[in-house]
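# Structure assessment
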Amino acid sequence: MKPVAIIGAGITGLTAAFCLKRKGIPVTVYEAGNRAGGVIQSFRKQGYLAECGPNTILETSPKIAQLVRDAGLESRRLFSDPKAGARYVVRYRRPIAMPGSPFGFFTTKLFTIKAKLAVLREPFVPRRRDGQEESIAEFVRRRLNQEFLDHAIDALVAGVYAGDPYQLSVQQAFPKLARLEARYGSLIRGQIFGARARRRSGEVVKDRAPKFSFDEGLQVLPDILATQLGAAVKLNTAALKLTRTADGWRVTTTGSAAEFGAAIFCGTAPRLAELKMEGIPPAQSLSRPTGEGGPFDLTPFSEIRYPPVASVVLGFRRDQVTHPCEGFGMLIPKIEGFKILGTIFSSSLFPNRAPAGHLTLTSYVGGERYPDLALLPPDQVIELTCADLGALLGVKGKPVFQHCVLYPRAIPQYNLGYGRFREQMNDLEQRAPGFFLAGHYRDGVSLGDTIVSGVNISERVAEFLATLNG
Ligand SMILES: Cc1cc2nc3c(=O)[nH]c(=O)nc-3n(C[C@H](O)[C@H](O)[C@H](O)COP(=O)(O)OP(=O)(O)OC[C@H]3O[C@@H](n4cnc5c(N)ncnc54)[C@H](O)[C@@H]3O)c2cc1C
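Our subject in this report is the structure included herewith. Each residue is numbered by its place in its chain's sequence as written, counting from 1. Residue-level local features of this predicted model are given only where pLDDT is at least 70; pairs of side-chain atoms are given and counted only at 80 or more, and the full residue set underlies all totals for whole chains, interfaces and linings. Side-chain numbers come from the whole structure's heavy atoms, not from hydrogens or water.

## Regarding the overall build of the chain
A run of DSSP states H or I qualifies as a helix once it reaches four residues; a run of E qualifies as a strand once it reaches two. Both are numbered from the N-terminal end. Counting secondary structure elements, the chain contains 17 helices and 22 strands. Only C-alpha atoms enter the radius of gyration, while the globule expectation follows 2.2 Å times N to the 0.38, with N the number of residues. Taken against the 2.2 N^0.38 rule, which gives 23 Å for 470 residues, the C-alpha radius of gyration of the chain at 23 Å falls within 12% of a compact globule. Burial classes follow relative accessibility: with a 1.4 Å probe on protein chains only, a residue under 20% of its type's maximum area counts as buried, one over 50% as exposed, and anything between as partly exposed. Classification of the 470 residues of the chain by burial places 55% in the buried group. Contacts were defined at the residue level, with two residues in contact if any of their heavy atoms lie within 4.5 Å. In the chain, the proportion of contacts linking residues at least 24 apart, taken out of those at least 6 apart, comes to 71%. Only the protein chains shown count as cover for residues, with accessible areas throughout obtained via the Shrake-Rupley method and a probe of 1.4 Å. Within the structure as shown, the chain displays about 20,600 Å² of accessible surface, and the carbon and sulfur contribution to it stands at 55%. Charge counting follows a simple rule: Lys and Arg are positive, Asp and Glu are negative, and His as well as the terminal groups are ignored. For this purpose, a charge sits on NZ of Lys, CZ of Arg, CG of Asp or CD of Glu. Both charge centroids of the chain, one from 59 positive and one from 43 negative side chains, sit 5 Å from each other.

Rendered as structure tokens:
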């Protein structure tokens, strides 16, 4: 079996490589950076476990649990404390627990009576039939109301994409919501009647999916996958050029070049835009034999927006914080006037995240809401975070532990018009047989989505190689 090149050792690339290796297909993983894991970054210091990037994996698909099993990590997996289910949304400048039941919804102080009536009316709002793409803001205003957008969805969108609801496309960024409307005519009817279909497919809706991490943080997963892949993972080796050859692909890296039967790009969209590709026929001459093709222009992918996000992990003594900080964390809508996007109560989620008598709070700054704030010097980012935590959670004094990491290009924005990038990706794969694209810029931005993307791409690549072998 010809080997497969995998570009990028984030969770997508490592998952794809691990699954291909288990199928007996040799792999080489090229990683531009000096470590495996991509945006996943956990480390332990002064008794704190800091998760700088993602904090939890939502087990939305059986493929995720299967990967954990296959990697031999079941005994190290930690499901979040069931008590930590509570989520807070800031309103009237204080965190208010989100309702966990229909009864709770009608009694919560989070929404006015007007918003509650909008929910009762939602099943009767006619579905949109003109097939036009819509922003999540337009969608929510049409089906619910402005208050729902300003006080709930805006915060949720900041929590998932660090994004702007007026720019994110409901069809591209929240396709399940768009499908619920198209299929059931209503989000509420869809929630009720879609349950049976979800049970059949084994899929779990995000707000009910179990959340997990590992004893030493999420970094455990990429570390174990990379260890099992061994010398196949080449760190500090950026893929620069891909050339279509008579029987596969030549990958040119910073150090050398090697031949493969197939190649998978699991990096980021800006890095895809920088890649040189040669030997691909232009669109109008698909029938031309390999070799006659010219360079393929990947630069349009540089237009995919990735706003900067700073992640701020702070440790405090318990007596420095008035709020119990029990639960998942708090989301903050823009309208409330704070600078941070939200905070995860990290030490309430999993054990051993902070020394006894202390707690860890992980906050995010920047995104599409305030990109410039993420780019401030770390001391200033920490200072503005402490000011907001002081007002919202009653945090007093200086943190006993602090760590700030900037992700200059954090999360791709599936904004209005993103469909054209997905079409270009499909087109590229069709015109470059044996070249595949997977990961957060194509198949969804959550860790669960990227793991599923890695598993699925390994299956597509194995099928492709099998057809080559006759
Ligand atoms: C701050 C932050 C918090 C998040 N929180 C959560 C969360 O709590 N839960 C959740 O589900 N999701 C979360 N996410 C999203 C999730 O973590 C990511 O979508 C996912 O980890 C992306 O994985 P990936 O492998 O597709 O990409 P990446 O992690 O970006 O990895 C891509 C890798 O490819 C390498 N690369 C790129 N180009 C090349 C090249 N030419 N040659 C060689 N190597 C290359 C890069 O160096 C990088 O290591 C968060 C993301 C961020 C940034």
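## What about the side chain of Thr 237?
In this structure, Thr 237 sits in the loop between strand 10 (233-234) and strand 11 (239-245). By relative accessible area, which is 15% here, Thr 237 ends up buried. As used in this structure description, the phrase polar contact means that two N or O atoms lie within 3.5 Å; if the pair is within protein, one of them must be able to donate a hydrogen and the other to accept it, and residues adjacent in sequence are counted only when both atoms belong to side chains. At 2.7 Å, the side chain of Thr 237 forms a polar contact with the backbone oxygen of Leu 235.

## Digging into the site of the ligand
Distances are taken per atom, and a residue is near a molecule or strand as soon as one of its heavy atoms is within 4 Å of it. In the vicinity of the ligand there are 31 residues, among which Thr 12, Glu 31, His 440, Val 445 and Leu 447 approach most closely. Within the contact set of the ligand, an oxygen atom lies 2.7 Å away from a backbone nitrogen or oxygen of Leu 447. Secondary-structure elements contributing two or more residues to the shell around the ligand are helix 1 (11-22) and helix 17 (447-468). For the shell around the ligand, the class distribution of residues is 15 nonpolar, 14 polar and two charged. Residues are sorted three ways: Asp, Glu, Lys and Arg are charged, Ala, Val, Leu, Ile, Met, Phe, Trp, Tyr, Cys and Pro are nonpolar, and all the rest, Gly among them, are polar.

## Focus on the sheet that holds strand 14 (residues 262-265)
Strands qualify as paired when DSSP identifies two bridges or more between them. Within the open sheet, the five strands sit side by side as 10-2-1-14-22. Their pairing is parallel. One side of each edge strand has no neighbouring strand; the edge strands of this open sheet are strand 10 and strand 22 (435-437). Note that strand 1 (residues 4-7) and strand 14 share four bridges and pair parallel. Pairing of Val 4 across the sheet is with Ala 262, part of strand 14.

## Structural notes on the nonpolar core
Core analysis: the biggest nonpolar cluster contains 56 residues, and Ile 136, Phe 148, Leu 242, Met 277, Leu 428, Phe 435 and Tyr 441 have the highest contact counts within it. Dropping the residues within four chain positions of it, Leu 242 is found in contact with Ile 7, Trp 249, Arg 250, Val 251, Ala 263, Leu 275, Lys 276, Met 277, Glu 278 and Phe 435. Joining through side-chain atoms within 4.5 Å is the link that ties buried Ala, Val, Leu, Ile, Met, Phe, Trp, Tyr and Cys residues into a set, and such a set is a nonpolar core. Counting residues in hydrophobic clusters, the runner-up holds 45 residues, among them Phe 18, Cys 19, Leu 225 and Val 452.

## Brief notes about the pairing of strand 9 (residues 211-214)
Both faces of strand 9 are covered, namely the face carrying Lys 211 and Ser 213 and the face carrying Phe 212 and Phe 214. Bridge analysis of strand 5 (residues 57-58) against strand 9 gives two bridges, and the strand direction is antiparallel. Bridge assignment links Ile 57 to a residue of strand 9, and that residue is Phe 212. With three bridges connecting them, strand 6 (residues 77-79) and strand 9 associate as antiparallel partners. Considered in strand 9, the bridge of Arg 77 is made with Phe 214.

## Regarding unusual backbone geometry
The phi angle at Asn 236 is positive, at roughly 50°, despite the residue not being glycine. A positive phi is found at Cys 325, a non-glycine position, where the angle reads about 50°. Its place among the elements puts Cys 325 in the loop between strand 17 (309-317) and strand 18 (329-331). A relative accessible area of 4% places Cys 325 in the buried class.

## Things to note about a positive patch on the surface
Taken together, the side chains of Arg 183, Arg 196, Arg 199 and Arg 200 present a region of like positive charge at the surface. It is helix 10 (residues 195-201) that contributes the most residues to the positive patch, three residues altogether. Residue position: Arg 183 is located in helix 8 (residues 175-184). On the basis of relative accessible area, Arg 183 is assigned to the exposed category, the value being 60%. Exposure above 30% relative accessible area and the absence of a salt bridge qualify a residue for a patch, where like charges join within 9 Å and nonpolar side chains (Val, Leu, Ile, Met, Phe, Trp, Tyr) within 5 Å. Whenever a carboxyl oxygen of Asp or Glu lies within 4 Å of a side-chain nitrogen of Lys or Arg, that contact is scored as a salt bridge.

## Considerations on the packing of aromatic side chains
For this analysis, a ring pair means two rings from Phe, Tyr or Trp (six-membered ring only for Trp) whose centres lie within 6.5 Å, classed as stacked if their planes differ by under 30 degrees, edge-to-face if by over 60, and tilted for the remaining angles. Under the defined criterion, the tally for this structure stands at 16 aromatic pairs. An angle of 40° between the planes, with centres 5.6 Å apart, marks the rings of Phe 105 and Phe 111 as tilted. On the accessibility criterion, Phe 105 (12% relative accessible area) is buried. A centroid spacing of 4.8 Å and a plane angle of 5° characterise the contact between Phe 111 and Phe 148, whose relative ring orientation is stacked. Of this pair, Phe 111 sits in the loop between helix 3 (102-107) and helix 4 (113-121) while Phe 148 sits in helix 6 (residues 146-161); the two residues are 37 residues apart in sequence, bridging distant segments of the chain. Across the pair, exposure class does not vary: Phe 111 and Phe 148 are buried alike.

## Quick word on the environment of Ala 162
Here Ala 162 shows up in the loop between helix 6 and helix 7 (170-173). Placed 290 residues apart in sequence, Ala 162 and Val 452 show a C-alpha to C-alpha distance of 22 Å. Apart from residues lying up to four places away in sequence, Ala 162 is in contact with Val 157, Pro 307, Val 309, Leu 341, Gly 367, Glu 368 and Gln 413.

## Digging into a nonpolar patch on the surface
On the surface, Phe 106, Ile 113, Leu 117 and Leu 120 cluster together into a nonpolar patch covering about 400 Å² of accessible area. Examining the composition of the nonpolar patch, we find that three residues originate from one element, helix 4, more than from any other. By the element assignment, Ile 113 lies in helix 4.

## Topic: the pattern of salt bridges
Using the criterion set out here, one finds 24 salt bridges in the structure. Between Arg 142 and Glu 134 there is a salt bridge, with its nearest N and O atoms 2.7 Å apart. You can call Arg 142 partly exposed: its relative accessible area is 25%. Taking the relative accessible area as the measure of exposure, Glu 134 reaches 3% and is therefore buried.

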